[in-house]
Amino acid sequence: MHTLTVALGERSYPIYIGPGLLDSGLLKQHVRASQVLVVTNETVAPLYLQRVVDSLSGLRVDTLVLPDGEQHKTLDTLERIFDTLMAKRHSRTTTLIALGGGVVGDMVGFAAACYQRGVEFLQVPTTLLAQVDSSVGGKTAVNHPRGKNMIGAFHQPRAVLIDTDVLSTLPERELSAGLAEVIKYGLIRDREFFRWLQSNITALMARDPRALSKAILESCRNKADVVAEDETEQGNRALLNLGHTFGHAIETATGYRLWLHGEAVGAGMMMAAQMSEMLGWMPAEQLAPIRALLEQARLPLTPPGSMTAADFRSLMALDKKVLDGQLRLVLLQGIGAAVVTDQFDVQVLERLLEQSCQH
Ligand SMILES: NC(=O)c1ccc[n+]([C@@H]2O[C@H](COP(=O)([O-])OP(=O)(O)OC[C@H]3O[C@@H](n4cnc5c(N)ncnc54)[C@H](O)[C@@H]3O)[C@@H](O)[C@H]2O)c1
Ligand SMILES: O=C(O)C(=O)C[C@@H](O)[C@H](O)[C@H](O)COP(=O)(O)O
Ligand SMILES: [Zn+2]
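- If you check an unreviewed UniProt entry, the chain appears there as 3-dehydroquinate synthase from Isoalcanivorax beigongshangi.
- As recorded by UniProt, the Sequence similarities (unreviewed entry) comment attached to the chain reads in full: "Belongs to the sugar phosphate cyclases superfamily. Dehydroquinate synthase family."
- In its Subcellular location (unreviewed entry) section, UniProt records this for the chain: "Cytoplasm".

## Considering the overall build of the chain
Okay, so step 1: Secondary structure assignment for the chain yields 13 helices and 11 strands.
Okay, so step 2: Taking the principal axes of the C-alpha coordinates as reference, the chain spans close to 60 × 40 × 35 Å.
Okay, so step 3: Burial analysis of the chain (359 residues in total) assigns 47% to the buried set.
Okay, so step 4: In the chain, once contacts between residues fewer than 6 apart in sequence are set aside, the share between residues at least 24 apart is 75%.

## Some details on the packing of helix 7 (residues 191-205) against helix 8 (residues 209-229)
Okay, so step 1: With their axes 10 Å apart at the nearest point, helix 7 and helix 8 run at an angle of 145° to one another. Taken as a pair, helix 7 and helix 8 cross one another with a handedness that is left-handed. Counted together, Phe193, Asn200, Ala203 and Leu204 of helix 7 and Ala211, Leu212, Ala215 and Glu218 of helix 8 form the full contact between these two elements.
Okay, so step 2: When the residues that make up the contact of helix 7 with helix 8 are grouped by side-chain class, the tally is 6 nonpolar, 1 polar and 1 charged.

## A closer look at the nonpolar core
Okay, so step 1: Counting residues in each nonpolar core, the largest one holds 107 residues, and the members touching the most others are Val39, Leu96, Ile97, Leu99, Val108, Leu187 and Ala272.
Okay, so step 2: The two domains that each donate at least three residues to this core are domain 1 (2-169) and domain 2 (172-356).
Okay, so step 3: Setting aside anything within four residues of it in sequence, one finds leucine 96 in contact with Leu37, Val39, Val108, Ala111, Ala112, Val119 and Phe121.

## Quick notes on the site of ligand 2
Okay, so step 1: The environment of ligand 2 is formed by Asp133, Gly137, Lys139, Lys148, Asn149, Glu181, Glu233, Arg237, Leu240, Asn241, His244 and Lys320.
Okay, so step 2: In terms of residue class, the shell around ligand 2 is built from 1 nonpolar, 4 polar and 7 charged.
Okay, so step 3: When residues of the shell around ligand 2 are assigned to domains, at least three map to each of domain 1 (2-169) and domain 2 (172-356).

## Brief notes about the site of ligand 1
Okay, so step 1: As a structural note, the neighbourhood of ligand 1 is formed by 30 residues, with Thr43, Gly101, Gly102, Thr127 and Ser134 the closest of them.
Okay, so step 2: When residues of the shell around ligand 1 are traced back to their parent elements, those giving at least two are helix 4 (102-114), helix 5 (128-134), helix 6 (172-189) and helix 10 (261-278).
Okay, so step 3: Its residues assigned to classes, the shell around ligand 1 comprises 10 nonpolar, 13 polar and 7 charged.
Okay, so step 4: For the shell around ligand 1, the domains that each give at least three residues are domain 1 (2-169) and domain 2 (172-356).

## So, helix 4
Okay, so step 1: Over its 13 residues, helix 4 runs 18 Å from end to end, which matches the ideal 18 Å to within 8%, given 1.5 Å per residue.
Okay, so step 2: Most of helix 4 sits inside the fold, with 12 of its 13 residues counted as buried.
Okay, so step 3: For helix 4, the set of buried residues is Gly102, Val103, Val104, Gly105, Asp106, Met107, Val108, Gly109, Phe110, Ala111, Ala112 and Ala113.
Okay, so step 4: Within two residues after helix 4, glutamine 116 carries a phi angle of roughly 50°, on the positive side.

## Examining the domain arrangement of the chain
Okay, so step 1: Here the domain parsing of the chain yields domain 1 (2-169) and domain 2 (172-356).
Okay, so step 2: Centre-to-centre separation of domain 1 and domain 2, based on C-alpha positions: 25 Å.
Okay, so step 3: Each side of the interface is counted separately: domain 1 has 26 residues, and domain 2 has 32 residues.
Okay, so step 4: Listed by contribution, the elements that provide at least two residues to the side of domain 1 that touches domain 2 are strand 1 (2-6), strand 2 (13-18), helix 5 and strand 8 (147-154).
Okay, so step 5: Here the element with the most residues in the side of domain 1 that touches domain 2 is helix 5; it accounts for 5 residues.
Okay, so step 6: Considering only residue class, the side of domain 1 that touches domain 2 consists of 13 nonpolar, 9 polar and 4 charged.

## Looking at the environment of glycine 18
Okay, so step 1: Mapping glycine 18 onto the fold places it in strand 2.
Okay, so step 2: Separated by 78 residues in the primary sequence, glycine 18 and leucine 96 have C-alpha atoms spaced 22 Å apart.
Okay, so step 3: Beyond its immediate sequence surroundings of up to four residues, glycine 18 is in contact with Met1, His2 and Thr164.

## Some thoughts on the UniProt feature "domain: 3-dehydroquinate synthase N-terminal" (unreviewed entry) in the chain
Okay, so step 1: Under the UniProt annotation, "domain: 3-dehydroquinate synthase N-terminal" (unreviewed entry) lies at residues 64-176.
Okay, so step 2: Along residues 64-176 the backbone is 34% helical and 30% strand, and the end-to-end C-alpha distance reaches 28 Å.

## Looking at the UniProt feature "binding site: Zn(2+)" (unreviewed entry) in the chain
Okay, so step 1: Here the UniProt feature "binding site: Zn(2+)" (unreviewed entry) sits at Glu181, His244 and His261. Across 81 residues in sequence, these annotated residues keep their C-alpha atoms within 10.3 Å of one another, forming a single compact spot.
Okay, so step 2: Looking at the secondary structure, you find glutamate 181 in helix 6.
Okay, so step 3: Overall, the presence of 27 C-beta atoms within 10 Å leaves glutamate 181 in the buried class.
Okay, so step 4: Setting aside residues up to four positions removed in sequence, glutamate 181 forms contacts with Leu129, Val132, Asp133, Gly262 and Val265.
Okay, so step 5: If you trace the backbone, histidine 244 turns up in helix 9 (residues 244-253).

## Some details on unusual backbone geometry
Okay, so step 1: Of note in this structure, tyrosine 256 is not a glycine but carries a positive phi near 60°.
Okay, so step 2: The residue tyrosine 256 is located in the loop between helix 9 and helix 10 in this model.
Okay, so step 3: With 21 C-beta atoms counted inside 10 Å, the residue tyrosine 256 sits in the buried group.
Okay, so step 4: One non-glycine residue, aspartate 324, adopts positive backbone phi at about 50°.
Okay, so step 5: Following the sequence through the fold, aspartate 324 ends up in the loop between helix 12 (309-316) and strand 10 (329-334).
Okay, so step 6: You can call aspartate 324 exposed: it has 5 C-beta atoms within 10 Å.

Reading the values: rules and limits
Residues numbered from 1 in each chain as written. Chains lettered and ligands numbered in written order. Predicted model: local features only at pLDDT ≥ 70, side-chain atom pairs only at ≥ 80, totals over all residues. UniProt positions renumbered as here; feature names shortened; annotations may be inferred. Helix = DSSP H or I, 4+ residues; strand = E, 2+ residues; numbered from the N terminus. Buried ≥ 20, exposed ≤ 12 C-beta atoms within 10 Å, placed from the backbone. Contact = placed C-beta atoms within 7 Å. Axes fitted to C-alpha atoms, helices over the stretch in contact; angles between N-to-C directions. Left-handed = near helix turned anticlockwise from the far one by under 90°. Nonpolar A, V, L, I, M, F, W, Y, C, P; charged D, E, K, R; others polar. Core = buried A, V, L, I, M, F, W, Y, C linked by C-beta atoms within 7 Å. Domains from an automatic or database assignment. Near = placed C-beta within 6 Å. Expected span 1.5 Å × (residues − 1).

See the structure below:
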């Protein structure tokens, strides 16, 4: 087992990574009082809920099974968590446990941030995407029909328990979606990791346990470092948003139903890389290796055919990085070096959007 720390002073917490952790007893060690609510969804419940409940024996354990899907990451679904907490008389000392992918994790984290003005929660991520990204860092949220993650809070978990064995049941499309966020770390700040990914992408796609374990460890290390430096995104944390301004526009335009988050981010990162090359900021020869890696991870490289440049324009204006009405984008100066900036030629963005939407 590997242990990393997200260093945030008195709110610091461990990330445990390894096989067989689900029923290792580690989770119970991070429950402060006697009451817990385990929240999961209808897909993950039959696979892993009983094992988690058994690992908490001796505590008062309630469970809640939510519907599956990004389209359910809403205020309505959040209500169901609050209803259960009140119906089962959970007090301020309760601990919520998020068992599932990023959708469950983001909603449970937000419920924990709000319930009685804040209770503790633990992350037990079961998708690759959640293990490498969403379970770490304390961004919690639900979607609004007009915009992705628009209603949320920063609320850090007390611990993150990553059982790498659970990836064996993950559908292939979800594996690819998770790899998009893995590739993101290489692109924004870790050129050596990008090179390692180029050499190991076949093993990762074949779910080689050693390769997956290394990818999760390096991703969490990168994310923990960025979060420790800038918890609430006053500066460099925004680099974790590479491809997301375009990706979130894709998810919102398609009602959170067409593509997975990681797929939208894959296409979004390709658009960001193309724009960086068009601006002359990233050497032209670096575009091909980025395209090749995303392709090998079986991620989309262009937006869905239904989308127009006008869709992008109106949705990107609502991006959370917009400052004083000014769009800010995460762009690349090269593989392993990203910047967040509003100092780009808008005509280049226009050309990118028109060219990306010529289906
Ligand atoms: N908070 C953050 O920092 C952060 C970071 C990245 C993404 N996100 C959010 O995370 C969400 C995407 O997360 P996701 O990709 O995990 O999607 P998800 O939570 O919808 O899970 C993907 C699918 O996999 C299923 N599943 C989960 N674990 C499984 C397993 N072990 N075996 C079989 N099936 C399993 C789920 O039921 C679901 O159908 C988005 O809402 C995105 O905005 C948040
Ligand atoms: O942790 C972060 O910071 C990220 O930006 C990680 C992203 O992968 C993630 O999708 C996040 O939820 C996006 O945040 P948002 O603030 O753009 O909604
Ligand atoms: Zn993301």
